[in-house]
Amino acid sequence: MKVKNICCIGAGYVGGPTMAVIAKKCPEIKVTVVDINQARIAAWNDEDVNNIPVYEPGLGEIVAESRGRNLFFSTDVDGAIDEADMIFISVNTPTKTYGEGKGQAADLKWIELCARQIARVAKGDKIVVEKSTLPVRTASTLKDILEHTGNGPHFQILSNPEFLAEGTAVQDLLEPDRVLIGGSQDEGGQKAIQELVNIYAHWVPKEKILTTNVWSSELSKLTANAYLAQRVSSINSLSELCEHTEADINEVAKAIGTDSRIGPKFLKASVGFGGSCFQKDILNLVYISRTYGLHEVADYWEQVILMNDHQKRRFAKKIIRTLYNTVSGKKISFLGWAFKKDTNDTRESAAIYVADYLLNEQSYIAVFDPKVKSEQVFMDLDRLNTRNPEENRKYVKTETDPYKACEGSHAVAVLTEWDEFTGYDWQRIYDSMLKPAHVFDGRNLLDKDKLKSIGFQVHVIGSSD
Ligand code: NAD
Ligand code: UGA
C-alpha cells in the first residue's frame, strides 16, 4: 500500500498544525482534518488565515499554501474515514472528571468513540495512528474495538506521539529532534511502520525517525513530558531556596546548565508550568503506576505536581504579603494570561490559579494578554466554579491596552513571558500607578535594575528583593 489519502480526526492544537505540515511536505498526499466542532472547522476554513483557531507563528502561511490544494478541513468525519488509507487520531485526552480515576486517569471516551466510528465506517484495510497522548497499552484497547466491531477489514495500529510545544509548533514540526513511531513487531506491523516512516522521510532525516514497539512509544510520550515538567519543578523548588539565601536562581541555573550532562534548557524558574499536557500526563503516569501497585514510583512523580501547585500559590501569597497582608479592594494588573508566550492557549495557565487565589482575597484584577480573548479569561475563571460568573465579571476586567490595564493599580504581575512586555514604557506605567508601585515578575523577564531606578519595588522569582 502507498498512502495517498490521510484523515486526521481532531482539528485542535496538534491535529491542525501537524497535518498542515504533512500537507506542505507531501503535496501528492490528500490530507483531510475533520472535527465535530463546526465552529472550529469553519475557523480553519476562514479566508483570512489570521482567523484560524490556533495561533502559532508561521502557521497561517503554511495553511494558506496547502489549503484547498491537498489540505482540507471538514466536519464530514465518516466521509474522510472512508476515503483514507491512514487515519490519525488526534482528539483530546483530558484528565477524567468523574468516576474511577477521577482527577488522575486520562478520559479516553473520545478515543473510544473514534475507534468505534472508524470500525463502523471502514470498508477497506487501514492504518490507525495514535497521535493523541495516551496511557501505555491503549493500542490494545483500540485493536479490540476495531476488530470486534468492524466489518472485516484489517487494521494496523501505530503510536506516533507528538512532541511539538505550543508557540514553536511549526518549527518543532519542520525540524523535530526526533519522530517516534511504535508498532507491532510482526510483518504487518513493520510494513505499517514503514508507511509512516515514508511520510516523515519527506523532510525528516532518517536517523531522526525512531521506531520501537508500540508500548515503548506510548510510554515514551508520557515520560518525555514528565521529565520536562520535573526539570521545571526542580528549578522552581530551588527558586524558593534562593529567595531565602541571597543566591540567584538565574546564576544557579546557568552554573548547573553548563554541565553538559544537565544541559541549559528547561531551567527557567517561573510562576509554575501550565499547558494542557504536563499536569494531565504526569497525573496519568501516577495513576498507571498506582494501578500496577507501584506506589513509590507514583509518589515520586506526583511530587512534581505538588511542587508546581506550591509555586503558583506562593506567588499569589507573596503579592498579598507584600501589599501589607491585604489585597481586598486593591487593583492588581496581570500582564499575560496564556500559559506561555506566543500562544493563545490558556489551558492550566498559572495565571488562572494566581487570579483565583487573589480573588478569594477580594482583589480587583485587570488582565492584558496580547493574544487571549476576553471571553476566554472569563471562561477559565468560571470553569473553576470558585465563585459565580457575575462575581468574576465584577472583580475581573480585561483590557486591550496594557497601559490602561496598569492604570491605578497597586501592583503589576507578569504571568506570561511575552517579549513585548520588555519594550513597554515602564516610566509611563509607573506614573499611572498607586505608590508604592510594585512589580511581581513571575517570569524573570523584566530588567530589574531599570525598574528599580524608575522607582518600582521589584519582586522576582528566585532572588531576594
Ligand atoms: P484540542 O482539544 O485542541 O483538539 C482536539 C479536537 O478533537 C477538538 O477540536 C475536538 O472537537 C475534537 N474531537 C474530539 N472528539 C472527536 C470525535 N469523536 N470526532 C471528531 N473530532 C473530535 O487538543 P490538542 O491540544 O490538539 O491535543 C490533542 C492530543 O494531543 C491530546 O492527547 C494531547 O495530550 C496531545 N498533545 C497535545 C500537545 C499540545 O501542544 N497541545 C502536544 C503534544 C501532544
Ligand atoms: C510541552 C512539551 O514541551 C512538548 O514536547 C509536548 O509535546 C507538549 O508539552 C504536550 O505534550 O502537550 P508545551 O506545554 O506546549 O509543550 O510548552 P512548554 O514549552 O513545554 O512549556 C510548558 C510550561 O512550562 C509553560 O507554562 C512554560 O512557561 C513552563 N516552563 C517551561 C517553565 O516554567 N520553565 C522552563 O524552563 C520551561
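Position numbers for residues start from 1 in each chain and track the written sequence from start to end. All chains are assigned letters beginning at A, and all ligands numbers beginning at 1, according to the order in which they are written. Local features in a predicted model are, by the rule used here, given only for residues with pLDDT of at least 70; side-chain atom pairs are given and counted only at 80 or more, and totals for whole chains, interfaces and linings are based on all residues. For side-chain calculations, the full set of non-hydrogen atoms in the structure is used, while hydrogens and water are omitted.

K.L.:
Got a minute to help me understand the overall build of the protein chain in this structure?
P.N.:
Each helix and strand in the protein chain was counted, giving 18 helices and 14 strands. Each principal axis of the C-alpha distribution contributes one length, and for the protein chain these read about 75 × 50 × 45 Å. The burial tally for the protein chain puts 53% of its 465 residues in the buried class. For the protein chain, contacts bridging at least 24 residues in sequence account for 75% of all contacts bridging at least 6. Total accessible area computed for the protein chain in this model is approximately 20,600 Å², and 50% of it derives from carbon and sulfur atoms. Looking at the protein chain, you have 55 positive and 64 negative side-chain charges, and the mean spots of the two groups are 1 Å apart. Note on conventions: DSSP H or I runs of at least 4 residues are helices, E runs of at least 2 residues are strands, and numbering of each starts at the N terminus. Burial status follows relative accessibility: with a 1.4 Å probe on protein chains alone, a residue under 20% of its type maximum counts as buried, one over 50% as exposed, and anything between as partly exposed. Pairs of residues are marked as contacts when any of their non-hydrogen atoms sit within 4.5 Å. What sets the accessible areas is the Shrake-Rupley method with a 1.4 Å probe; for residues, cover comes only from the shown protein chains. For the charge count, each Lys or Arg is scored as positive and each Asp or Glu as negative, with His and the chain ends excluded. A charged residue contributes its charge at one atom only: NZ of Lys, CZ of Arg, CG of Asp or CD of Glu.

K.L.:
Looking at this structure, I do not really get the packing of aromatic side chains. What am I missing?
P.N.:
The description of two aromatic rings rests on the distance between their centres and on the angle between their planes. Note on aromatic pairs: the rings of Phe, Tyr and Trp (six-membered ring only in Trp) are paired at centre separations within 6.5 Å, and the planes decide the class, stacked below 30 degrees, edge-to-face beyond 60, tilted for the rest. Tallying each qualifying case throughout the model produces 13 aromatic pairs. With a centroid separation of 5.5 Å and an interplanar angle of 80°, the aromatic rings of Phe-273 and Phe-278 are classed as edge-to-face. Across the pair, exposure class does not vary: Phe-273 and Phe-278 are buried alike. Summarising the aromatic geometry, the rings of Phe-334 and Trp-337 are spaced 6.2 Å apart at their centres and angled 35° between planes, so their arrangement reads as tilted. There is no split in this pair, since Phe-334 and Trp-337 are both buried. Taken together through their ring pairs, the aromatic side chains of Tyr-403, Phe-421, Tyr-424, Trp-426, Tyr-430 and Phe-456 make up a single cluster. For the cation-ring pair, Arg-428 lies above Tyr-403, with the distance from its terminal atom to the ring centre recorded as 3.8 Å. Against the face of Tyr-430 rests Lys-435, its NZ or CZ located 4.6 Å from the ring centre. Working rule: Lys NZ or Arg CZ, within 6 Å of ring centre, within 35 degrees of ring normal, means a charge sits over the ring.

K.L.:
I tried to follow the side chain of Ser-276 on my own but got confused; where do I start?
P.N.:
In this fold, Ser-276 is placed in the loop between α10 (249-257) and α11 (278-291). Take Ser-276: its relative accessible area is 17%, and that puts it in the buried class. Filtering out sequence-adjacent residues up to four positions away, Ser-276 remains in contact with Glu-166 and Arg-347.

K.L.:
Got a minute to help me understand the site of ligand 1 in this structure?
P.N.:
If even one non-hydrogen atom of a residue comes within 4 Å of a molecule or strand, that residue is called near it. Ligand 1 sits among 25 residues. The nearest are Asp-35, Arg-40, Thr-93, Glu-166 and Lys-280. What qualifies as a polar contact is a pair of N or O atoms within 3.5 Å, subject to a donor-acceptor requirement within protein and to the restriction that residues adjacent in sequence count only when both atoms come from side chains. In this structure, Ile-36 approaches ligand 1 through a main-chain N or O atom, which is 3.5 Å from a nitrogen atom. Between ligand 1 and the protein, one listed contact pairs an oxygen atom with a side-chain N or O atom of Arg-347 at 3.0 Å. Protein burial of ligand 1: of its 830 Å² of free accessible surface, 92% is covered by the chains. Each residue gets one of three labels, nonpolar for Ala, Val, Leu, Ile, Met, Phe, Trp, Tyr, Cys and Pro, charged for Asp, Glu, Lys and Arg, and polar for the others, Gly among them. Classifying every residue of the shell around ligand 1 by side-chain character gives nine nonpolar, nine polar and seven charged.

K.L.:
In this structure, what is going on with the site of ligand 2? I would like to understand it.
P.N.:
Around ligand 2, a shell composed of 20 residues is seen, among which Phe-163, Leu-164, Glu-166, Ser-270 and Arg-443 lie nearest. Measuring from an oxygen atom of ligand 2, one finds a backbone N or O atom of Gly-274 at 2.9 Å. Residue classes in the shell around ligand 2 are distributed as eleven nonpolar, three polar and six charged. The domain limits used here are those given by an automatic or database domain assignment. For the shell around ligand 2, the two domains that each supply at least three residues are domain 1 (5-204) and domain 2 (278-460).

K.L.:
What's the story with the side chain of Ser-217 in this structure? I'm lost.
P.N.:
With respect to the helices and strands, Ser-217 occurs in helix α9 (residues 214-245). With near-sequence residues (within four places) excluded, Ser-217 lies in contact with Ser-159, Asn-160, Pro-161, Leu-180, Ile-181, Gly-182 and Thr-212.

K.L.:
How do you make sense of the pattern of salt bridges when you look at a structure like this?
P.N.:
Oppositely charged side chains may form a pair once their charged atoms are brought near each other. Salt bridge, as used here, is a side-chain nitrogen of Lys or Arg placed within 4 Å of a carboxyl oxygen of Asp or Glu. Within the structure shown, the criterion is met by 25 salt bridges. Between Asp-281 and Lys-280 there is a salt bridge, with the nearest N and O atoms lying 2.9 Å from each other. A relative accessible area of 2% means that Asp-281 is categorised as buried. Residue Arg-290 pairs with Asp-299 through a salt bridge whose shortest N-O separation is 2.9 Å. A single network of salt bridges, built from pairs that share partners, joins Glu-240, Glu-243, Arg-314 and Lys-318.

K.L.:
Whenever I open this one, the UniProt feature "domain: UDP-glucose/GDP-mannose dehydrogenase C-terminal" (unreviewed entry) in the protein chain confuses me. Can you help?
P.N.:
The UniProt feature table records "domain: UDP-glucose/GDP-mannose dehydrogenase C-terminal" (unreviewed entry) at residues 333-448. Secondary structure across residues 333-448 comprises 36% helix and 16% strand; the distance between its end C-alpha atoms is 18 Å. UniProt positions are given in the numbering used here, feature names are shortened, and annotations may be inferred rather than shown by experiment.

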